[in-house]
Amino acid sequence: MQLTEKQLEQIRAQVRRVKACGNPFYTERFKNVNPDDIKDQKSFEELVPFCSKQDLREAYPLGLAAVPEEEIVRIHSSSGTTGAPVVVPYTAKDVEDWSIMFARCYELAGITKKDRIQITPGYGLWTAGIGFQAGCERLGAMAIPMGPGNTEKQLQMMQDLKSTVICATSSYALLLAEQVEQRGLMNNIHLKKGIIGSERWGDKMRNRIKNILGIELYDIYGLTECYGPGIGINCDKSDAGIHIFDDYVYLEILDPETGKPVPEGQIGEICLTTLVKEGAPLFRFRTHDLASFVTEKCPCGRSYPRISQILGRSDDMFKVKGNILFPSTVEDVIKAVPGTSSEYRVTIEHQDGKDKMTVFVEVEPGVDRAEVALGIKYNFKQKYNLTPDVEVVGIGELPRSEKKTKRIEDKRFN
């Protein structure tokens, strides 16, 4: 997407501010950048350097702060499971801006102050639960701040308080849906909508949650480094694209290898620049999330740019027998086989001098399991010239998660 003149001026203002803030992180990165030279799209791409998660990790703990410490009212952090955590400072304005965007997400999903929103993502350093709640309170709806886990209590409160909206990871939404179904609670719940985020999910999983609970589902997008969830969502007029709030963030979609913009409509890596963030501004942050721009005008009439559902992450890629694969690759093969459910796991091992890939997949009751296994093997052979082992199990036999689900386990490098 082309930068507007207003966005260019906001970026110039951000560069001026971080050059003057005295923080070595920004001083070094922008020492050769004159903000007045950022005049158009071309000069922005040539002059403004990329930023990676590793860059942010190296600034641990508070090296990203672009304001005096007394102006920092909150910090959030990534999990740190793959390295040092990223600590992101927020000013009061950052917190307010995030709540504004989050309330906007609820509104785009058709949620009003009459709704009762059950919030299951975690609270604390993670940017999930507290963001869902801040947006809910700004909207004026009733927040039910459950946090993660304790499924018995979740189901009890869902019934007793007549929750109309569930906010969750897709993994936990599926777990709750299956528990509602197994316990025969459908007549006791009042859910109408689900706001789902934090992990990529495929059509099989989406349809399973939707069909069990009979609710409308919405993809919310965001990441800890950039406010958190709430910088975009699909609206109640279309599930074909996520609106990104370009008055707060500028979004590029780039070739992961070259860093150059991909042709409009093609899949690439999302790159984010914050336009007004004070505590820790981001410039051309490489997210590793893969998506494409949706070029058609949305039926809702809003002008926010739209992206596809997140298709995966460039660092989720794995290679088996020379084939480059993603979780979405596996899902596409599985969903083409009748009778399969949404849940699967993949393990990759190195045995007897060669790679061995095993696909575990759940199937609906009464399905011919041998036929499903043959179908999955055939599809992999046709598309990727590899034949995995396939283990077929019943619904609910693969483990469920209250947070994110790890579906690909590569044991070759353990």
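The sections below set out a description of the structure shown in this document. (Residues numbered from 1 in each chain as written. Predicted model: local features only at pLDDT ≥ 70, side-chain atom pairs only at ≥ 80, totals over all residues. Heavy atoms only, no water.)

1. What to know about the sheet that holds strand 15 (residues 312-313)
In a beta sheet, neighbouring strands are held together by backbone hydrogen bonds and run either parallel or antiparallel to one another.
Turning to step 1, where the next piece is worked out: Taken in spatial order, the four strands make up an open sheet running 10-11-12-15, and their pairing is antiparallel. The strands lining the two open edges of the sheet, one partner per strand, are strand 10 (249-254) and strand 15.
Turning to step 2, where the next piece is worked out: Across four bridges, strand 11 (residues 268-274) lies against strand 12 (residues 285-291) in antiparallel orientation. Across the sheet, residue Cys271 finds its bridge partner in strand 12, namely Arg286. (Pairing = 2+ DSSP bridges. Helix = DSSP H or I, 4+ residues; strand = E, 2+ residues; numbered from the N terminus.)

2. A closer look at the pairing of strand 20 (residues 389-394)
Turning to step 1, where the next piece is worked out: Here strand 19 (residues 354-363) pairs with strand 20 via six bridges, running parallel. Its bridge partner lying in strand 20, Phe360 is registered against Glu391.
Turning to step 2, where the next piece is worked out: In terms of handedness, the path from strand 19 via helix 11 (residues 369-384) over to strand 20 forms a crossover that is right-handed. (Right-handed = clockwise from strand over helix to strand, strands pointing away.)

3. Examining the pattern of salt bridges
Turning to step 1, where the next piece is worked out: According to the stated counting rule, one finds 25 salt bridges in the structure shown.
Turning to step 2, where the next piece is worked out: The residue Asp247 makes a salt bridge to Arg104 at a minimum N-O spacing of 3.0 Å. Residue Asp247 is located in the loop between strand 9 (242-244) and strand 10, and its partner Arg104 is located in helix 5 (residues 92-108); the two are separated by 143 residues in the primary sequence.
Turning to step 3, where the next piece is worked out: Note on Arg104: relative accessible area 14%, which makes it buried.
Turning to step 4, where the next piece is worked out: Close ionic contact of Arg208 with Glu178 constitutes a salt bridge, the shortest N to O distance being 3.3 Å. Taken together, the residues Arg208 in helix 9 (residues 203-213) and Glu178 in helix 8 (residues 170-182) connect sequence positions 30 residues apart. (Salt bridge = Lys/Arg side-chain N within 4 Å of Asp/Glu carboxyl O. Buried < 20%, exposed > 50% of the residue type's maximum accessible area, 1.4 Å probe, protein only.)

4. Side note on the state of the cysteines
Turning to step 1, where the next piece is worked out: Inspection of the entire model under this criterion finds zero disulfides.
Turning to step 2, where the next piece is worked out: Unpaired in terms of disulfides, Cys226 finds its nearest cysteine sulfur in Cys271, a separation of 11 Å.
Turning to step 3, where the next piece is worked out: The structure places no disulfide on Cys235, whose sulfur is separated from the nearest cysteine sulfur, that of Cys298, by 3.5 Å. (Disulfide = S-S within 2.5 Å.)

5. Re the nonpolar core
Turning to step 1, where the next piece is worked out: Counting residues in each nonpolar core, the largest one holds 69 residues, and the members touching the most others are Tyr26, Tyr106, Ile117, Ile195 and Ile307.
Turning to step 2, where the next piece is worked out: Considering every element that reaches this core, the biggest residue donor is helix 5, with eight residues.
Turning to step 3, where the next piece is worked out: Here Ile307 is in contact with Gly241, Ile242, Ile244, Leu251, Ile253, Ile270, Ala291, Ser292, Phe293 and Val294, once residues within four sequence places are set aside. (Core = buried A, V, L, I, M, F, W, Y, C linked by side-chain atoms within 4.5 Å. Contact = heavy atoms within 4.5 Å.)

6. Quick look at the packing of aromatic side chains
Turning to step 1, where the next piece is worked out: The final tally for this structure, using the stated rule, is eight aromatic pairs.
Turning to step 2, where the next piece is worked out: When the ring of Phe102 is compared with that of Tyr106, the centres are 5.5 Å apart and the planes differ by 45°; the resulting orientation is tilted. In this pair, Phe102 and Tyr106 both sit in helix 5, four residues apart, roughly one turn of the helix.
Turning to step 3, where the next piece is worked out: Tyr106 gets classed as buried once you look at its relative accessible area, which sits at 1%.
Turning to step 4, where the next piece is worked out: Summarising the aromatic geometry, the rings of Phe245 and Tyr304 are spaced 5.1 Å apart at their centres and angled 75° between planes, so their arrangement reads as edge-to-face. Residue Phe245 is found in the loop between strand 9 and strand 10, and its partner Tyr304 is found in the loop between strand 13 (293-294) and strand 14 (306-307); the two are separated by 59 residues along the sequence.
Turning to step 5, where the next piece is worked out: Taking relative accessible area as the criterion, Phe245 reaches 0% and is therefore assigned buried.
Turning to step 6, where the next piece is worked out: Put simply, the rings of Phe102, Tyr106 and Phe132 touch in pairs and so form one group of aromatic residues. (Phe/Tyr/Trp six-rings, centres within 6.5 Å; stacked < 30°, edge-to-face > 60°.)

7. Focus: the sheet that holds strand 13
Turning to step 1, where the next piece is worked out: Ordered in space as 4-3-5-6-7-8-9-14-13, the nine strands form an open sheet in which the pairing is mixed. Sheet topology places strand 4 (142-145) and strand 13 at the edges, where each strand pairs with a single neighbour.

8. Considerations on a nonpolar patch on the surface
Turning to step 1, where the next piece is worked out: Together, Leu62, Ile75 and Leu125 make up an exposed nonpolar region whose accessible area comes to about 240 Å².
Turning to step 2, where the next piece is worked out: Residue classification places Ile75 among the partly exposed positions, given a relative accessible area of 33%. (Patch = residues over 30% accessible without salt bridge, like charges linked within 9 Å, V, L, I, M, F, W, Y side chains within 5 Å. Areas by Shrake-Rupley, 256 points an atom, 1.4 Å probe, with all protein chains shown as cover.)

9. Here's the deal with the packing of helix 7 (residues 151-160) against helix 8
Turning to step 1, where the next piece is worked out: Between helix 7 and helix 8, the shortest axis-to-axis distance is 11 Å and the interhelical angle comes to 70°. For the element pair helix 7 / helix 8, the angle class is roughly perpendicular. In the crossing of helix 7 with helix 8, the sense of the turn from one axis to the other is right-handed. Residues Thr151, Gln154, Leu155 and Met158 of helix 7 lie in contact with helix 8, whose contacting residues are Tyr172, Leu175, Leu176, Gln179 and Val180.
Turning to step 2, where the next piece is worked out: Taken together, the residues of the contact of helix 7 with helix 8 break down into six nonpolar, three polar and no charged. (Axes fitted to C-alpha atoms, helices over the stretch in contact; angles between N-to-C directions. Parallel < 35°, antiparallel > 145°, perpendicular 65-115°, else oblique. Left-handed = near helix turned anticlockwise from the far one by under 90°. Nonpolar A, V, L, I, M, F, W, Y, C, P; charged D, E, K, R; others polar.)

10. Structural notes on helix 1 (residues 5-20)
Turning to step 1, where the next piece is worked out: Compared with an ideal rise of 1.5 Å per residue, which puts 16 residues at 22 Å, helix 1 spans 23 Å between its outermost C-alpha atoms and is within 8% of the ideal.
Turning to step 2, where the next piece is worked out: Inspection of helix 1 places Gln7, Leu8, Gln10, Ile11, Arg12, Gln14, Val15 and Val18 among the buried residues, and these make up the whole buried set.
Turning to step 3, where the next piece is worked out: Among the structural elements, helix 2 (24-29), helix 3 (41-47), strand 10 and strand 11 are those in contact with the buried residues of helix 1.
Turning to step 4, where the next piece is worked out: Count one or two residues on from helix 1 and you reach Gly22, which has phi positive near 85°. (Expected span 1.5 Å × (residues − 1).)

11. Thoughts on the side chain of Lys277
Turning to step 1, where the next piece is worked out: Structurally, Lys277 can be placed in the loop between strand 11 and strand 12.
Turning to step 2, where the next piece is worked out: Notably, Lys277 is buried but unbridged: the nearest opposite-charge side chain belongs to Asp94, and the N-O separation is 4.7 Å.
Turning to step 3, where the next piece is worked out: Once residues within four sequence positions are removed from consideration, Lys277 is found in contact with Gln14, Arg17, Val88, Pro89, Asp94, Glu225 and Tyr227. (Lys, Arg positive; Asp, Glu negative; His and termini not counted.)

12. Side note on the environment of Gln54
Turning to step 1, where the next piece is worked out: Within the fold, Gln54 resides in helix 4 (residues 53-57).
Turning to step 2, where the next piece is worked out: In sequence terms Gln54 and Pro85 are 31 residues apart; their C-alpha atoms lie 9.7 Å from each other.

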